4 protein chains.
Amino acid sequence: MKQARWQKIADWPLTLAAIVFLAAYSFEVIGDLDGPRATVAEAVIWATWAVFLADYIINLVLAQPRWFWFRTHILDLLIVVLPMLRPLRLLRLLTLLNVLHRTAGAALRSRVIVYVAGAATLLVFLSALAVLDSERSAPGATIVTFPDSMWWAFVTISTVGYGDFSPVTDLGRLIAVGLMLGGIALLGVVTATLASWIVERVAKQEEDSQSATRGEIKALSRQIAQLHEALDRPRAGEDSDAVTAGRR
Amino acid sequence: MKQARWQKIADWPLTLAAIVFLAAYSFEVIGDLDGPRATVAEAVIWATWAVFLADYIINLVLAQPRWFWFRTHILDLLIVVLPMLRPLRLLRLLTLLNVLHRTAGAALRSRVIVYVAGAATLLVFLSALAVLDSERSAPGATIVTFPDSMWWAFVTISTVGYGDFSPVTDLGRLIAVGLMLGGIALLGVVTATLASWIVERVAKQEEDSQSATRGEIKALSRQIAQLHEALDRPRAGEDSDAVTAGRR
Amino acid sequence: MKQARWQKIADWPLTLAAIVFLAAYSFEVIGDLDGPRATVAEAVIWATWAVFLADYIINLVLAQPRWFWFRTHILDLLIVVLPMLRPLRLLRLLTLLNVLHRTAGAALRSRVIVYVAGAATLLVFLSALAVLDSERSAPGATIVTFPDSMWWAFVTISTVGYGDFSPVTDLGRLIAVGLMLGGIALLGVVTATLASWIVERVAKQEEDSQSATRGEIKALSRQIAQLHEALDRPRAGEDSDAVTAGRR
Amino acid sequence: MKQARWQKIADWPLTLAAIVFLAAYSFEVIGDLDGPRATVAEAVIWATWAVFLADYIINLVLAQPRWFWFRTHILDLLIVVLPMLRPLRLLRLLTLLNVLHRTAGAALRSRVIVYVAGAATLLVFLSALAVLDSERSAPGATIVTFPDSMWWAFVTISTVGYGDFSPVTDLGRLIAVGLMLGGIALLGVVTATLASWIVERVAKQEEDSQSATRGEIKALSRQIAQLHEALDRPRAGEDSDAVTAGRR
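Quick notes on the rules
- Residues numbered from 1 in each chain as written.
- Chains lettered and ligands numbered in written order.
- Predicted model: local features only at pLDDT ≥ 70, side-chain atom pairs only at ≥ 80, totals over all residues.
- Heavy atoms only, no water.
- Helix = DSSP H or I, 4+ residues; strand = E, 2+ residues; numbered from the N terminus.
- Buried < 20%, exposed > 50% of the residue type's maximum accessible area, 1.4 Å probe, protein only.
- Contact = heavy atoms within 4.5 Å.
- Areas by Shrake-Rupley, 256 points an atom, 1.4 Å probe, with all protein chains shown as cover.
- Phe/Tyr/Trp six-rings, centres within 6.5 Å; stacked < 30°, edge-to-face > 60°.
- Salt bridge = Lys/Arg side-chain N within 4 Å of Asp/Glu carboxyl O.
- Expected span 1.5 Å × (residues − 1).
- Core = buried A, V, L, I, M, F, W, Y, C linked by side-chain atoms within 4.5 Å.
- Domains from an automatic or database assignment.
- Axes fitted to C-alpha atoms, helices over the stretch in contact; angles between N-to-C directions.
- Parallel < 35°, antiparallel > 145°, perpendicular 65-115°, else oblique.
- Left-handed = near helix turned anticlockwise from the far one by under 90°.
- Nonpolar A, V, L, I, M, F, W, Y, C, P; charged D, E, K, R; others polar.
- pLDDT = per-residue confidence, 0-100.

J.: Give a description of the overall build of chain A that names residues and reports values.
T.: The helix and strand tally for chain A stands at eight helices and zero strands. Traced from its N-terminal end to its C-terminal end, chain A shows the element sequence α-α-α-α-α-α-α-α. A total of 248 residues make up chain A; the buried ones form 44% of that total. Pairs at least 24 apart in sequence give 64% of the contacts found in chain A among residues at least 6 apart. Accessible surface, chain A: about 12200 Å² in total, of which carbon and sulfur atoms supply 67%.

This is how it looks when you write it as structure tokens:
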């Protein structure tokens with residue numbers, strides 16, 4: 001079987017696994033589960049991990065220049081390996097963005113907007129979950145409920161940073177750094193998209209003169225064609241004249 | 001009656017209703033009214049709501065492909081429905097921006113600046129009102145006076161976020177998230193407008209060579225026209241010659 | 001006397017008055033002067049104010065369509081009137097930027113950078129002075145020394161906003177809002193200048209193909225000129241032929 | 001010896017000295033060394049300083065218009081002189097970026113990204129070291145461990161600024177201002193690079209019509225060439241006709 005065909009088959013199951021993982025992880029963290037329910041949630045999480053692991057191994061087996069695929073898919077490896085560090089396995093959910101990518105419109109800018117809005121929402125939600133999971137039981141932690149965690153995530157990604165809540169564990173801070181980078185990227189993409197739009201709109205005003213130039217070139221082309229015709233027609237007459245003259 | 005005509009008629013009454021609402025809501029929240037004066041303010045607020053509800057229903061009735069209009073005007077629905085959550089009905093005031101839009105100059109960039117400055121000012125003022133309304137009576141809240149609320153709103157929209165004041169209620173935090181998004185958008189628009197201006201100014205220097213190109217094309221066009229003429233004139237003489245020659 | 005000539009004469013004295021004002025105000029605020037030294041500093045500040053007032057009145061007298069000049073120079077009026085609110089009269093120092101403008105290089109982007117760096121530095125220094133002046137004697141204020149005030153100004157203009165220091169007086173907060181707007185503008189200008197530079201550099205790579213197009217147009221022009229010549233030359237011979245033929 | 005040749009020879013030793021300095025300084029600060037180990041670290045730091053000093057002196061001797069070189073290399077002087085203020089001598093490490101510059105790809109944007117990511121990482125790490133070194137022994141300081149210092153540096157460069165940690169010493173605050181400026185630059189570069197990418201991608205869509213224009217010009221050029229040929233060919237026949245006619 002070709003790798004391309006496998007990837008086509010695996011696409012939706014992987015997306016489904018990511019959604020199931022997100023649901024199970026959300027229930028486990030928000031509900032602060034313990035006892036048999038925690039065991040079920042953990043089992044589901046490990047099952048989705050198995051799906052991703054299987055996909056990674058199959059891809060590695062099918063890839064034609066195997067070493068090249070390995071080198072260019074380090075992120076895929078991280079998604080499979082990092083679940084050992086529980087909250088980071090949420091990276092896996094980035095595959096969810098494929099769905100957004102699929103449903104987004106055709107124009108580049110609207111696709112960028114949908115993608116970024118989706119990524120930011122997912123990033124805020126996942127970071128809130130992961131930080132809560134990491135902080136909840138730490139001594140001196142302030143982020144101990146899910147609403148506070150969501151609030152903290154919004155305050156961080158917008159780079160406002162009130163400081164009413166801030167992580168105290170190393171893992172929580174690592175996730176926070178990721179969220180801050182997400183915030184910088186978010187601001188960058190919003191600004192860049194707006195800049196592109198304004199630059200284009202301003203350029204539209206210039207376009208008239210440009211289309212005028214194009215119009216002139218077309219007119220020029222037509223003129224030359226007419227000239228060509230004008231040159232060909234009489235010449236035919238002239239030739240016959242010359243022939244007549246030659247005959248005489 | 002056509003929907004377009006209705007919208008033309010309804011435009012100013014809706015703007016007026018929004019202004020009246022803003023005034024009534026400001027008095028109610030800043031003055032921390034109670035007794036008969038609160039009842040009057042509430043009555044005025046509900047009256048403006050009735051205006052917006054009537055407009056929405058009439059639009060829905062008049063809209064030709066009704067379902068299409070419904071789907072593409074979810075925001076209008078939210079503006080009518082959300083007043084149930086009191087502070088959020090301030091969204092209605094976004095129609096105020098139509099006034100700004102009307103008075104703004106012709107050039108795109110100056111219109112963007114006026115629109116954004118107006119939207120930011122309105123957003124800060126409305127968020128300050130709504131957060132104060134939501135926080136004032138909450139236990140442990142720090143935002144309990146209007147000056148502090150305005151200060152908090154400025155600190156938030158600029159993404160500075162000192163943390164000397166921050167909302168503690170869920171509704172207050174929801175409004176804060178909206179204000180943060182507004183701050184990101186504000187920063188984006190300011191940057192994008194400046195970028196567009198600088199890019200254009202730098203491009204102006206390049207324009208000389210471009211206008212030179214256009215000049216060359218025009219010169220070219222003139223040359224061909226002359227060529228055409230030159231070709232037509234002697235040919236006419238030649239034709240008469242040929243005729244003369246043929247006659248002889 | 002023409003207004004233009006007056007403005008040329010008044011330019012340097014005004015700049016000097018702004019510098020003297022800055023020095024006197026700095027000494028007064030940083031040194032927390034009292035007694036005769038405070039009186040001297042105050043006298044100098046009022047003297048510089050007189051210079052600005054005189055300039056404003058003379059401009060108003062000389063301006064040809066007086067009402068038009070008044071309407072388009074509201075900022076000049078504010079600079080003269082606002083000194084009543086002591087810290088805000090620092091706005092006057094924006095004329096200092098003329099010096100920077102004068103010494104800056106020719107290229108737009110380097111001029112923008114010098115102007116913005118100068119404006120940001122001035123804004124931070126003046127805000128630190130004004131906030132210190134306003135906060136120092138307020139109950140519960142944290143900004144009570146000049147180093148703390150400078151630190152606070154940097155933390156604010158960069159939109160970092162730790163919250164270790166924040167103004168508590170209304171005037172201090174008003175100045176802080178100005179500083180935040182300055183921070184947003186600073187970030188916007190830095191980004192826009194960088195964006196312009198990167199866009200230009202990327203466009204340079206595209207320029208080759210564009211200059212190729214220009215080259216083609218020139219080649220075209222040359223071809224047509226040759227065609228014109230080729231058309232003119234033989235036709236002259238042809239005409240003489242026709243004459244010869246006609247003569248025969 | 002020419003200065004250019006010296007700089008080629010000195011490049012790698014200087015880079016090596018910078019790396020050795022970074023390692024020694026890291027060990028000294030993070031390990032909070034004292035006794036003989038601190039002496040060794042200090043000795044290594046002074047040795048790397050000697051390398052930079054020697055390079056500066058040799059450059060000054062070899063430089064042809066010596067005064068010009070001195071004026072245009074103030075930063076080199078600062079790197080040599082400032083080590084007296086221990087943490088600031090880290091500026092020296094900016095030469096490390098030459099390595100990144102060397103290994104980066106060819107395309108402008110990817111080079112900008114690699115350079116900025118490298119510079120930001122170095123800036124965060126060095127600021128964390130320098131602030132820790134400066135704050136550790138200050139009364140009332142909160143930044144007293146390396147993990148806290150790294151966390152503070154990330155919170156600052158992203159302009160989030162929770163305020164859970166903030167420097168209290170003048171030197172620590174000076175470094176913090178540098179880090180904030182780095183954060184503004186980082187945000188600017190990320191946004192500018194994204195804007196350039198989006199503008200280019202949007203422009204790609206416009207390119208079709210532009211290449212169409214170019215195609216038209218080429219077609220035009222071909223038409224004229226054919227016209228030229230058509231004009232030359234029959235005229236040759238005509239000339240021979242005329243000759244024939246003349247001969248008869």
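J.: Summarise the environment of asparagine 59 of chain B; cite the residues concerned and give the values.
T.: Residues and elements named next belong to chain B. Take asparagine 59: it is sitting in helix α2 (residues 36–62). According to the relative accessible area criterion, asparagine 59 is buried, its value standing at 4%. A sequence separation of 56 residues divides asparagine 59 from glutamine 3, and the C-alpha atoms of the two residues are 6.4 Å apart. Contacts of asparagine 59, omitting those with residues within four sequence positions, involve Gln3, Trp6, Gln7 and Trp69.

J.: Just give me the short version of the packing of aromatic side chains, but keep the residues and values in it.
T.: Using the criterion set out here, one finds 24 aromatic pairs over all chains in the structure. Ring geometry for tyrosine 56 of chain A versus tryptophan 69 of chain A: centroids 5.4 Å apart, planes at 50°, classification tilted. With tyrosine 56 of chain A in helix α2 (residues 36–62) and tryptophan 69 of chain A in helix α3 (residues 66–72), the pair connects residues that are 13 residues apart, well separated along the chain. An identical accessibility class is assigned to tyrosine 56 of chain A and tryptophan 69 of chain A; each is buried. Taking the centre distance of 5.6 Å and the plane angle of 10° together, the rings of phenylalanine 21 of chain D and tyrosine 25 of chain D count as stacked.

J.: A description of the pattern of salt bridges should follow, citing residues and the corresponding values.
T.: Counted by the stated rule, this structure contains eight salt bridges over all chains. The salt bridge involving aspartate 148 of chain B is made with arginine 173 of chain C; its shortest N-O contact spans 2.9 Å. With aspartate 148 of chain B in helix α7 (residues 146–157) and arginine 173 of chain C in helix α8 (residues 170–247), this pair bridges two chains. The same class applies to aspartate 148 of chain B and to arginine 173 of chain C, which are both buried.

J.: Explain α7 of chain B to me, using residue names and the numbers behind them.
T.: Two residues of an α-helix separated by three or four positions point the same way, owing to the 3.6 residues in each turn. All names here are of chain B. Look at α7: 16 Å from first C-alpha to last across twelve residues, which is about the 16 Å you get at 1.5 Å a residue. Most of α7 sits out of view: nine of its twelve residues are buried. Every buried residue belonging to α7 is among Phe146, Asp148, Ser149, Trp151, Trp152, Ala153, Val155, Thr156 and Ile157, and all of these are buried. Looking one or two residues past α7, threonine 159 carries a phi angle of roughly 60°, positive in sign.

J.: Help me get a handle on helix α2 (residues 36–62) of chain D, residues and values and all.
T.: When the terminal C-alpha atoms of α2 of chain D are compared, their 39 Å separation across 27 residues agrees well with the 39 Å that a helix rising 1.5 Å per residue should span. Listing the buried residues of α2 of chain D in full gives Ala38, Ala41, Ile45, Thr48, Trp49, Phe52, Asp55, Tyr56 and Asn59 of chain D.

J.: Pulling in residues and values, what's your account of the nonpolar core?
T.: Counting 161 residues, the largest nonpolar core has Trp152 of chain A, Trp152 of chain B, Trp152 of chain C together with Trp152 of chain D as its most contacted members. Of the residues that make up this core, three or more belong to each of domain 1 (1–91) and domain 2 (104–213) of chain D.

J.: Pulling in residues and values, what's your account of the packing of helix α1 (residues 3–30) of chain C against helix α2 (residues 36–62) of chain C?
T.: All names here are of chain C. Contact geometry of α1 with α2 gives a least axis separation of 9 Å together with a crossing angle of 160°. It follows from the interaxial angle that α1 and α2 lie roughly antiparallel. Two packed elements cross with a definite hand, and for α1 against α2 that hand is left-handed. Between α1, through Gln3, Trp6, Gln7, Ala10, Leu14, Ala17, Ala18, Val20, Phe21, Ala24, Tyr25 and Glu28, and α2, the contact on the second element is made entirely by Ala41, Glu42, Val44, Ile45, Thr48, Val51, Phe52, Asp55, Ile58, Asn59 and Leu62. The class makeup of the residues in the contact of α1 with α2 is 16 nonpolar, four polar and three charged.

J.: Tell me about unusual backbone geometry, and please be specific about residues and values.
T.: Residues other than glycine seldom take positive phi values, yet threonine 159 of chain A does so here, at roughly 55°. Here threonine 159 of chain A falls in the buried class, since its relative accessible area comes to 4%.

J.: Any chance you could break down the environment of isoleucine 175 of chain B for me, citing the residues and the numbers?
T.: Residue and element names in this part refer to chain B. The residue isoleucine 175 is located in helix α8 (residues 170–247) in this model. The class of isoleucine 175 is buried, set by a relative accessible area of 8%. Sequence separation of isoleucine 175 and serine 127 is 48 residues, and the distance between their C-alpha atoms is 6.5 Å.

J.: So what about the side chain of serine 134 of chain A? Which residues, and what values?
T.: Residues and elements named next belong to chain A. Within the secondary structure, serine 134 sits in helix α6 (residues 108–135). Classification of serine 134 by relative accessible area gives buried; the value is 15%. Contact partners of serine 134, with chain neighbours within four places excluded, come to Thr169, Leu171 and Gly172.

J.: Outline the confidence of the model for chain A, listing residues and values.
T.: All names here are of chain A. Residue-level pLDDT values for chain A average 77, and 75% of them are 70 or greater. Here helix α5 (residues 97–103) stands out as the element of chain A with the lowest mean pLDDT, 51, in contrast to helix α7 (residues 146–157), whose mean of 95 is the highest. This stretch, residues 236–248, has a pLDDT under 50; its non-local contacts, to residues over four places away or in other chains, come to eleven contacts.

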